[in-house]
Structure formats: C-alpha cells, structure tokens
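# Examining the three-dimensional arrangement
The residues making up each chain are set out below.
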Amino acid sequence: MKIVDDSPPILTALDRPNSYIGRAVPRPNIKRLTEGRADYVSDTVLPRMVHAAFLRSPHAHAKIVRIDTAAAKKAPGVVAVMTGKDLEPVMTPWVGVLTHLKGIKSAPQYPIAPERACWQGEAVCAVVAKTRAQAEDALELIGVTFEELEPLTDATRALDPETPVMHPSLGDNLTFERVHAAGDPDKGAKEADELIETTFVFGRHTGVTNEPRAIVADWQPGQQKMTVYLGTQAPHMMQHLFAKHLGLEDAQVRVVTKDVGGSFGIKVHTYADEMATVAISKMLNRPVKFVADRIESFVTDIHARDHIVKAKIGVKKDGTFTLFEIDDLTGIGPYSVYPRTSGIEANQVVNLVGSWYTCPNYKARARVVFQNKNVMCQYRAVGHPIATAVTEGLVDLAAMKIGMDPLEIRRRNLIPDDAYPTTAASGLKFELLSQHAALAHLDSLMNYSALRAEQAELRKKGIYRGIGFATFVEVTNPSAAFYGVGGAPISAQDGATMKLDAQGNVSVHTGVSEQGQGAEAVIAQVAASSFGVPIERVRVVMGDTENTPYGGGTWASRAAGIGGEAAWQAGKALRENVLKVAAAILQAKPSDLDLTNATVVDKATGTERMPLSEVARIAYYRPDTLPPDFQSELVVTRHYVPHKWPFSFTNGIQASWLEVDPDTGFVKLLKHWCVEDCGTVINPQLVDEQVRGGIVQGIGGALFEHCIYDERGQMLNANMADYLVPMAGEMPDITVGHVVSPTADSELGAKGAGEAGTAGAPGAVMNAINDALRPLNAQMLTDMPFTPEKILRALGKV
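Described in the following lines is the structure provided in the data block. Computed from a predicted structure; not experimentally measured. (Residues numbered from 1 in each chain as written. Predicted model: local features only at pLDDT ≥ 70, side-chain atom pairs only at ≥ 80, totals over all residues. Heavy atoms only, no water.)

### A closer look at the overall build of the protein
In terms of regular secondary structure, the protein is built from 19 helices and 32 strands. Against the 2.2 N^0.38 benchmark of 28 Å for 798 residues, the protein shows a C-alpha radius of gyration of 28 Å, consistent with a compact globule. For the protein, the spread of C-alpha atoms along the three principal axes comes to 85 × 75 × 45 Å. For the protein, the share of sequence-separated contacts (at least 6 apart) that also reach a separation of at least 24 residues comes to 80%. For the protein, the accessible surface area stands at approximately 28,400 Å², while carbon and sulfur atoms represent 50% of it. Of the charged side chains in the protein, 78 are positive and 91 negative, and the gap between their average positions amounts to 2 Å. (Helix = DSSP H or I, 4+ residues; strand = E, 2+ residues; numbered from the N terminus. Rg over C-alpha atoms; globule rule 2.2 N^0.38 Å. Contact = heavy atoms within 4.5 Å. Areas by Shrake-Rupley, 256 points an atom, 1.4 Å probe, with all protein chains shown as cover. Lys, Arg positive; Asp, Glu negative; His and termini not counted. Charge placed at Lys NZ, Arg CZ, Asp CG, Glu CD.)

### Topic: the nonpolar core
Counting residues in hydrophobic clusters, the biggest one holds 171 residues, and the most contacted among them are Phe242, Phe321, Val390 and Ile769. The greatest single-element share of this core, amounting to 10 residues, is contributed by helix H10 (residues 384-402). Counting 54 residues, the second-largest nonpolar core is a separate cluster that includes Ala566, Ala567, Val581 and Ala598. (Core = buried A, V, L, I, M, F, W, Y, C linked by side-chain atoms within 4.5 Å. Buried < 20%, exposed > 50% of the residue type's maximum accessible area, 1.4 Å probe, protein only.)

### Things to note about the environment of threonine 758
Secondary-structure assignment places threonine 758 in helix H18 (residues 756-773). Remark: the alpha-carbon pair of threonine 758 and arginine 692, spanning 66 residues in sequence, is separated by 8.8 Å. Apart from the residues lying within four places of it in its own chain, the contact partners of threonine 758 are Arg305, Arg380, Ala381, Pro385, Gly694, Ile695, Gln697 and Gly698.

### What about the sheet that holds strand E24 (residues 538-542)?
With respect to topology, four strands assemble into an open sheet ordered E24-E23-E22-E28, the strand pairing being mixed. This sheet does not close on itself; its edge strands, each paired only once, are E24 and strand E28 (635-640). Neighbour to neighbour, the strand axes of the sheet diverge by 20 degrees on average, direction disregarded. Contacting strand E22 (494-500), strand E23 (506-510) and E24, helix H14 (residues 519-531) crosses the sheet at an angle of about 130 degrees to E24. (Pairing = 2+ DSSP bridges. Axes fitted to C-alpha atoms, helices over the stretch in contact; angles between N-to-C directions.)

### Here we look at the packing of aromatic side chains
All chains considered together, the criterion is met by 14 aromatic pairs. Pairing tyrosine 448 with phenylalanine 469 gives two aromatic rings, centres 5.2 Å apart and planes at 75 degrees, and the pair type is edge-to-face. Remark: phenylalanine 469 occurs in strand E21 (residues 464-476) and tyrosine 448 occurs in helix H13 (residues 448-460); sequence separation between them is 21 residues. Given the relative accessible area of 0%, phenylalanine 469 is considered buried. Linked through ring pairs, Phe430, Phe482, Tyr483, Trp555, Phe647 and Phe649 together constitute an aromatic cluster. The ring of tyrosine 271 carries the charged tip of arginine 213 above its face, separated from the ring centre by 4.0 Å. Lying across the ring of tryptophan 555, arginine 340 places its NZ or CZ 4.6 Å from the centre. (Phe/Tyr/Trp six-rings, centres within 6.5 Å; stacked < 30°, edge-to-face > 60°. Lys NZ or Arg CZ within 6 Å of the ring centre and 35° of its normal.)

### Here's the deal with the sheet that holds strand E32 (residues 783-784)
Ordered in space as E8-E18-E17-E16-E9-E32, the six strands form an open sheet in which the pairing is mixed. Every interior strand has two partners, whereas the edge strands, strand E8 (174-182) and E32, have only one. Each of strand E9 (194-202), strand E16 (307-315), strand E17 (321-331) and E32 touches H10; the most contacted strand, E9, lies at about 145 degrees to it.

### Things to note about the pattern of salt bridges
Within the structure shown, the criterion is met by 48 salt bridges. Its salt-bridge partner being lysine 312, residue glutamate 325 comes within 3.9 Å of it at the nearest N-O pair. A residue pair is termed long-range when its members are at least 10 positions apart, and glutamate 325 in strand E17 and lysine 312 in strand E16 qualify at 13 residues. With a closest N to O distance of 3.5 Å, aspartate 663 and lysine 797 form a salt bridge. With aspartate 663 in the loop between strand E29 (648-660) and strand E30 (667-677) and lysine 797 in the segment after helix H19 (788-794), the pair connects residues that are 134 residues apart, well separated along the chain. (Salt bridge = Lys/Arg side-chain N within 4 Å of Asp/Glu carboxyl O.)

### What about the packing of H10 against H18?
Close contact between H10 and H18 brings their axes to 7 Å; oriented N to C, the two are set at 35 degrees. In this structure, H10 meets H18 at a crossing whose hand is right-handed. In this structure, H10 uses His384, Pro385, Thr388, Ala389, Glu392, Gly393 and Asp396 to contact H18, whose residues at the interface are Thr758, Ala759, Gly760, Pro762, Gly763, Met766 and Asn767. Of the residues that constitute the contact of H10 with H18, the class distribution is five nonpolar, seven polar and two charged. (Left-handed = near helix turned anticlockwise from the far one by under 90°. Nonpolar A, V, L, I, M, F, W, Y, C, P; charged D, E, K, R; others polar.)

### Observations concerning the pairing of E30
As judged from the 10 bridges shared by E29 and E30, these two strands associate in the antiparallel manner. Paired with serine 656 across the two strands is histidine 672, which belongs to E30. Hairpin remark: E29 followed by E30, antiparallel, with six residues in the connecting loop; positive phi at glycine 665, about 80 degrees. With six bridges joining them, E30 and strand E31 (residues 733-740) adopt parallel strand pairing. Bridging across to E31, glutamate 676 finds its partner in histidine 738. The parallel pair E30 and E31 is bridged by helix H17 (residues 684-704), and the resulting crossover is right-handed. (Right-handed = clockwise from strand over helix to strand, strands pointing away.)

### A word on helix H12 (residues 435-446)
For H12, with 12 residues, the first-to-last C-alpha span of 16 Å sits near the 16 Å given by 1.5 Å per residue. Among all positions in H12, only Gln435, Ala437, Ala438, Leu439, His441, Leu442 and Met446 are buried. (Expected span 1.5 Å × (residues − 1).)

### Some points on the side chain of arginine 286
By the secondary structure assignment, arginine 286 is in the loop between helix H7 (272-284) and strand E14 (288-291). Of the side chains with opposite charge, aspartate 218 comes closest to the buried, unpaired arginine 286, at an N-O distance of 8.6 Å. Separated by 2.9 Å, the side chain of arginine 286 and the backbone oxygen of arginine 48 make a polar contact. Those residues in contact with arginine 286 that sit more than four places away from it in its chain are Arg48, Val50, Val79, Ala217, Asp218, Trp219 and Ser281. (Polar contact = N/O pair within 3.5 Å; in protein donor to acceptor, adjacent residues only side chain to side chain.)

### Considerations on the environment of leucine 352
Relative to the helices and strands, leucine 352 resides in helix H9 (residues 344-352). When the C-alpha atoms of leucine 352 and leucine 433 are compared, they prove to be 14 Å apart, with 81 residues separating the residues in sequence. For leucine 352, the contacting residues outside a window of four places in its chain are Gly383, His384, Ala387, Leu428, Val473 and Val475.

### As for the pairing of strand E26 (residues 599-602)
A two-sided burial pattern is seen for E26, the buried positions comprising Thr599 and Val601 on one face and Val600 and Asp602 on the other. In this sheet, E26 lies alongside strand E25 (residues 593-596) in antiparallel orientation, the contact comprising four bridges. Paired with leucine 595 across the two strands is valine 600, which belongs to E26. Hairpin connection, E25 to E26: the antiparallel pair is bridged by two residues, and asparagine 597 has positive phi, about 55 degrees. In this antiparallel pair of consecutive strands, E26 and strand E27 (residues 608-611), the connection spans five residues, and glycine 606 shows a positive phi of 80 degrees.

### Quick word on helix H6 (residues 235-246)
Between the first and last C-alpha of H6 there are 16 Å, a value that for 12 residues agrees with the 16 Å anticipated at 1.5 Å per step. The buried count for H6 comes to 10 of 12 residues, which makes it a mostly enclosed element. Every buried residue belonging to H6 is among Pro235, His236, Met237, Met238, Gln239, Leu241, Phe242, Ala243, His245 and Leu246, and all of these are buried. Glycine 247 lies just past H6 and shows a positive phi near 75 degrees.

Right, here's the structure in full:
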C-alpha cells in the first residue's frame with residue numbers, strides 16, 4: 001500500500017518497457033468527439049426507416065377502456081398505429097425478479113400497456129410514420145377513454161391494510177423485504193452510553209444524460225435477423241433479451257452500440273418503449289427509430305434513491321461504536337425493472353451500512369414497495385450514497401453527542417488497515433481496504449487543523465462554514481454473485497480478442513463499452529503495454545455483439561478491472577505467439593526475446609533484432625520461409641472473471657468545505673477533497689475525471705436534483721427549467737488524492753473508480769451543512785436535497 005499525491009504517475013510491478021500503465025494518456029476518441037464527429041444512434045439513417053412516437057398515459061393509474069385510432073391511421077405519413085394488444089403476438093412480457101433476492105416479486109410488464117396504465121408516462125399506444133413530426137401529429141388524433149383509478153404514491157401507505165393492492169395476483173404491495181442481524185444488537189444497545197436515532201430521507205432523482213435514450217431496430221426478413229442500434233451499457237445482455245422476448249435465437253439478433261452520450265446506469269435496463277420498437281420493426285419488416293425527447297426521458301428513464309431510512313447508532317463515551325441499526329423503506333414504481341430488478345438498491349443499503357467500521361452488532365430491515373410513479377432501478381453508485389450518508393450521518397451525530405472530533409471518532413472505529421482480509425457485520429467480504437491511510441492522507445491534504453481554526457475565526461464574524469466527512473467503500477469488479485446467481489442473463493466475465501495485422505498494427509475487440517468514461521483509452525493502454533507497441537498502433541473495437549467477445553459491458557465500475565484484465569491477458573498471449581514467430585525467423589529461443597515499442601529485442605541486452613512489421617509480413621505473406629512444422633497464430637482471445645472474491649472494493653474518504661447563509665438558506669460550496677483507493681491506477685487523469693464527475697453527480701442529489709410528484713402521481717418538474725442539475729459555476733474546486741492497494745485477484749490489480757465520487761459526496765455535504773449550522777442550534781438536516789427552504793425551516797425562519 002502506498003500513498004500518492006494528485007494525478008501521479010503511478011507505477012507498479014506490472015511495468016514493462018514503455019508501459020502506459022499509470023500514465024495520463026489522452027483518449028483515442030477525443031479528437032473525433034471534440035470535432036463534432038461522434039456517431040450516435042440519433043445519427044443513424046437506414047433505407048425505408050420509419051419513426052415511432054408513443055402516446056403516454058396522463059394518469060398515474062388508470063384502466064384503458066377504449067382506444068380510437070381511426071383518425072390517426074388516416075393522418076399524413078402514418079404507416080401504422082399499434083396498441084398493446086397488437087404487440088402481444090410478437091413479444092412476450094417480462095418479470096423483473098432474481099432468485100437470490102428471496103421472495104422478490106413483480107407483475108408482468110408489456111412493451112405497451114394492454115389494459116391498464118400504472119404510471120404517468122407509461123405508453124398506451126404507438127404511431128409509426130415517415131417522420132417523427134408526422135408521428136407526433138397523429139398522436140393528437142388518438143382518442144383514449146380512461147377510467148382513472150386511485151393512485152398509490154406514498155410509499156409509507158403501501159403496506160397499510162386499507163391500501164388497494166396494485167397487482168392483485170401478488171397479494172400485497174411488498175416487492176421485496178430483507179431482514180439481517182449480526183452480532184448481538186440488543187447487547188450493543190445496552191452497552192452504549194448514548195443511543196442516537198434519526199430519520200434520513202433521500203429524494204427521488206434521475207440521470208439526465210446528455211444524449212437521451214435512442215434505438216433503431218431493423219428486422220431483415222430475408223435473413224431472419226434483427227439488427228438493433230442502441231445506446232446501451234450492456235450490448236450482449238440486450239441481445240439476449242430482445243431475442244428471448246421476440247422468440248428468436250441470440251444469433252439472430254445483433255446489437256450495435258456506437259457513441260453514447262452518457263449513461264450513469266440509466267442505459268443498462270430494459271425499457272418498454274425500446275422493446276416495443278423492436279417488436280414493431282419485426283411486424284412491419286422495416287427499420288423503426290425511436291428517440292426519447294427530454295420530457296419523455298424524465299417520466300420513463302429509471303429514477304433512483306427515494307428512500308426513507310430510520311437509523312440508530314450506539315456509542316460509548318470513549319468513541320467506540322456498539323450498534324448500527326436501520327429500517328429502510330423505498331418505493332420503486334409499479335414494476336421491478338427487468339432483468340436487474342428494483343430490489344438491488346435496498347439490498348445494497350443493507351450490505352453497506354456501517355460495513356467499514358469494526359462494530360460487530362448490526363440490525364437491518366429493508367422493504368421495497370410498489371407505487372404509481374415511474375419505475376426505479378440501479379443508477380450510478382447503486383445504494384452507496386444512501387448507505388454512506390446514513391452511516392456517516394450517524395457517525396457525526398455520535399461524535400457531537402459525546403463531544404469528540406469527527407475525524408478522531410472515525411480513526412477509532414475504522415477497520416485497521418492490517419486487519420484484512422475480513423468480513424463485515426453485513427456479511428461483505430473485504431480483501432484489502434486502506435481506510436486509515438486514506439484518512440491520514442486527507443487530513444494532510446486539506447490541512448484539517450488549520451481549516452478548523454479558520455472556521456472558528458469566521459464564526460466570530462457571523463460567517464458560518466462547515467466541514468463534513470464521509471468515509472466510503474465502493475463495490476467494483478462484480479463476479480457472478482451480483483446477478484448471475486440469481487438467474488439474470490448478465491455476464492460476469494469479459495473477453496478481449498487481439499489481432500495483429502500484416503503491418504504490425506493491433507486491433508483489440510472487447511466486450512466492455514464506451515459511455516464517455518474513457519474505457520476505450522484504458523483498453524488501449526493496457527493492450528499496448530501488455531503486448532509491447534506504441535498506443536497509436538492499437539485500435540479498440542467495442543459495442544458490437546457480432547464483433548466482440550461475449551461480455552458484461554459497462555456497469556458497477558467493472559470495465560477497467562475485468563475488461564482491462566482480459567485485454568492484459570490477451571496482450572501477453574499475443575506477444576508470446578509473436579515471439580515464437582520471431583524466434584523461428586531469427587533461429588533463437590522465444591524466452592530470449594521480448595517485444596517493446598513494436599520491435600523484437602534481445603531480452604537481456606535490449607538490442608533491437610527486427611521490427612514487428614517484418615515479423616507480421618513474413619508470418620502472413622512468406623510462411624514458406626518458416627519451419628515446415630510451424631504455424632503462426634496471430635489472433636488470440638482471452639477471458640477474465642473474478643474468482644477469489646465476489647467483489648473488489650474501492651475505498652476512500654471525502655471532505656466538504658462550504659458556507660451557509662443563514663438569512664437566505666443558500667449553500668456555497670468552497671472546496672471538496674476525495675482520497676480514493678482503486679488499486680492500480682491505469683490512467684490517473686481518467687480516474688480523477690471519474691471521481692470529480694461522480695462528486696458533482698453526488699452533489700446534485702444532495703442539493704439540487706429531485707423528481708417532485710403530487711399526490712395524484714403527476715411529476716411536476718419533468719423539464720430542464722424546473723428540474724435542477726448542478727452547473728459548473730456552482731461547483732467547488734475538487735482535489736483528488738490516491739492510496740494504492742491493488743487487488744490480488746488479477747495481474748493488473750485494478751479496481752473500479754467510476755462511482756466512488758457519487759458514493760461519498762452527499763454524506764460529506766450533509767455533514768458539512770450541519771456542521772456549519774451547529775452554532776445556530778438548527779435542527780439536523782437529513783432530508784435530501786437540502787434546499788434553501790429546508791435550511792431556513794431547520795433554522796426556524798420558515
């Protein structure tokens with residue numbers, strides 16, 4: 001384990017000559033993207049292509065009595081008008097459950113609601129026309145008779161006996177419940193000198209990707225093949241799901257993912273309108289395109305968070321924690337999202353709360369309930385911001401109650417860095433964390449003692465600034481324990497195929513996908529380093545199920561740790577094969593040679609023997625000059641899946657320094673720090689970008705973002721004017737530091753970094769706001785987002 005400063009050249013035992021590991025290499029696609037030459041699904045135009053638009057329910061809960069489509073069918077440019085009943089012969093419904101989430105249940109969901117709309121925005125009819133404008137005009141001519149039903153919008157009422165059951169066949173409105181106990185919670189409560197309880201509320205929000213969801217489905221009847229151009233994080237998963245519900249074989253479906261304008265977990269799920277689009281294409285025997293507009297995105301892109309957590313901590317006067325206890329309630333919409341389910345976030349909260357502290361006594365319950373709002377599912381840092389804010393909010397309360405410094409109480413309770421491997425009270429198995437090293441590095445990086453002194457002086461002048469901390473862990477590199485064991489068609493492994501061409505250039509075909517996070521650069525760096533060529537000679541191919549090895553795609557911070565390891569192993573194997581060819585040409589032993597900078601060299605002396613291009617030329621064009629019993633193999637495929645540990649955990653700590661205006665309730669963010677340990681850092685610039693971007697997204701949930709619904713289930717701010725997102729001018733300077741503890745489960749030793757910033761930022765900001773308001777005897781703020789109105793209410797001014 002070692003501590004490094006901001007954006008360092010991090011070198012490890014992996015280093016080969018001219019290695020790119022630990023270097024801030026520019027993204028290979030950056031020039032094309034900055035020149036406006038990206039190729040998004042929206043840019044796809046095919047012969048005979050038509051456009052789909054969806055009529056969506058204006059009600060949160062309503063029976064579809066009648067749909068009159070006669071006028072719409074006669075409208076200019078209209079090719080077809082489809083209802084849910086029309087699609088039933090072509091596409092089967094789906095149910096979002098996983099067998100390892102015991103007792104989880106959901107009702108069948110259809111591409112277009114056939115009988116009942118269960119949230120405002122659910123599609124009830126589709127128009128297909130020659131242009132999108134014509135399709136939208138025709139929507140206005142459809143007459144739908146609804147019988148409005150009582151909506152269930154308040155999750156706290158979902159399990160009341162008098163509340164109507166949304167799906168009668170399921171018996172109640174409980175989707176999933178998990179109860180967990182470890183150690184002796186009753187003993188932990190008795191041993192505590194102080195028991196502190198509070199309730200945390202997390203507002204529902206969504207991803208707001210730059211590029212909205214988009215799909216082009218092209219059924220080719222002559223080939224009996226469906227090609228789908230889709231902005232997705234998991235092309236192979238979607239290939240299987242499209243095939244399964246269309247009654248096809250996987251080989252009959254090709255999914256092509258071009259450039260993607262951001263995902264954040266939004267684009268890793270099954271969406272009804274996308275399933276409808278592929279079904280319509282098969283019915284019409286022609287390409288069909290659907291691009292969600294921004295208002296559609298707000299009411300159909302999955303939402304996340306929306307948790308109410310009653311929480312308790314026990315603490316002794318010396319700062320020792322004796323108990324963590326939570327009771328979590330979350331409403332997920334009318335269906336559990338397919339195939340990852342809407343139970344995973346609550347399950348993650350149970351797994352994560354208090355897990356990085358030594359406290360052995362833990363009691364938890366999580367309940368997931370149906371409601372008539374848009375569906376909820378996995379979004380960046382699934383469950384982590386909730387679990388971190390609950391844990392770290394409780395820790396700050398405990399510190400305040402016993403009069404101990406918040407950094408000191410963390411020092412006394414974090415699992416020692418030399419105590420790994422270990423198992424948390426929640427059951428999570430930790431291979432190696434570095435919480436104490438990260439805390440010490442943060443203390444130094446932010447000059448904590450000086451900041452406290454400055455805070456005290458400013459308070460004398462009526463300026464109220466606060467410091468908030470949040471330690472965290474992040475689930476990365478998930479094995480089959482995440483989804484595969486539950487029956488989901490989601491690959492835990494990933495593969496890389498490396499090909500050497502006749503000029504000595506390399507192509508790497510990988511199952512991970514680029515979403516804007518820099519996966520293409522990471523794969524190129526790893527492949528170039530492992531094989532031994534300049535990165536300019538590496539071309540990365542991704543996002544095409546016909547041209548890449550089967551893989552899980554990009555989610556749960558797995559691209560570098562799993563996809564990168566597959567590329568590393570493929571590069572090693574191809575180098576070994578190339579050196580066998582070179583040895584045959586040079587009449588040398590392969591073990592005496594190496595490949596560096598696209599040149600075969602003497603391993604011992606570094607003397608150049610021959611260029612890689614010449615080896616490739618002879619292997620492809622003059623194999624007759626090689627020994628008669630020799631066959632060169634210049635294409636290799638390698639796969640990787642974690643075996644030793646179910647997950648590799650990234651860890652770290654964040655701090656927020658901010659100012660609160662007690663007259664207006666406005667929060668001014670002054671500075672934010674994050675020290676993170678993601679194992680081997682392949683590209684420091686990309687890691688820091690990911691951490692900073694994650695922090696901004698976490699700040700969004702803490703201060704700005706909120707999907708606001710009324711009691712009738714109407715989303716009131718489904719537009720960019722009313723739904724607030726963090727802007728650059730409101731963000732603080734963000735300093736990122738690193739501790740390096742590589743995972744031993746792979747040669748690269750890389751863990752994920754994509755969600756660490758989001759995991760810790762809300763908790764750090766929450767604690768900083770409460771720290772700033774403490775001299776004013778304000779009520780503790782635990783209801784996100786922390787708007788000026790809520791702050792003024794806590795101060796008793798509203």
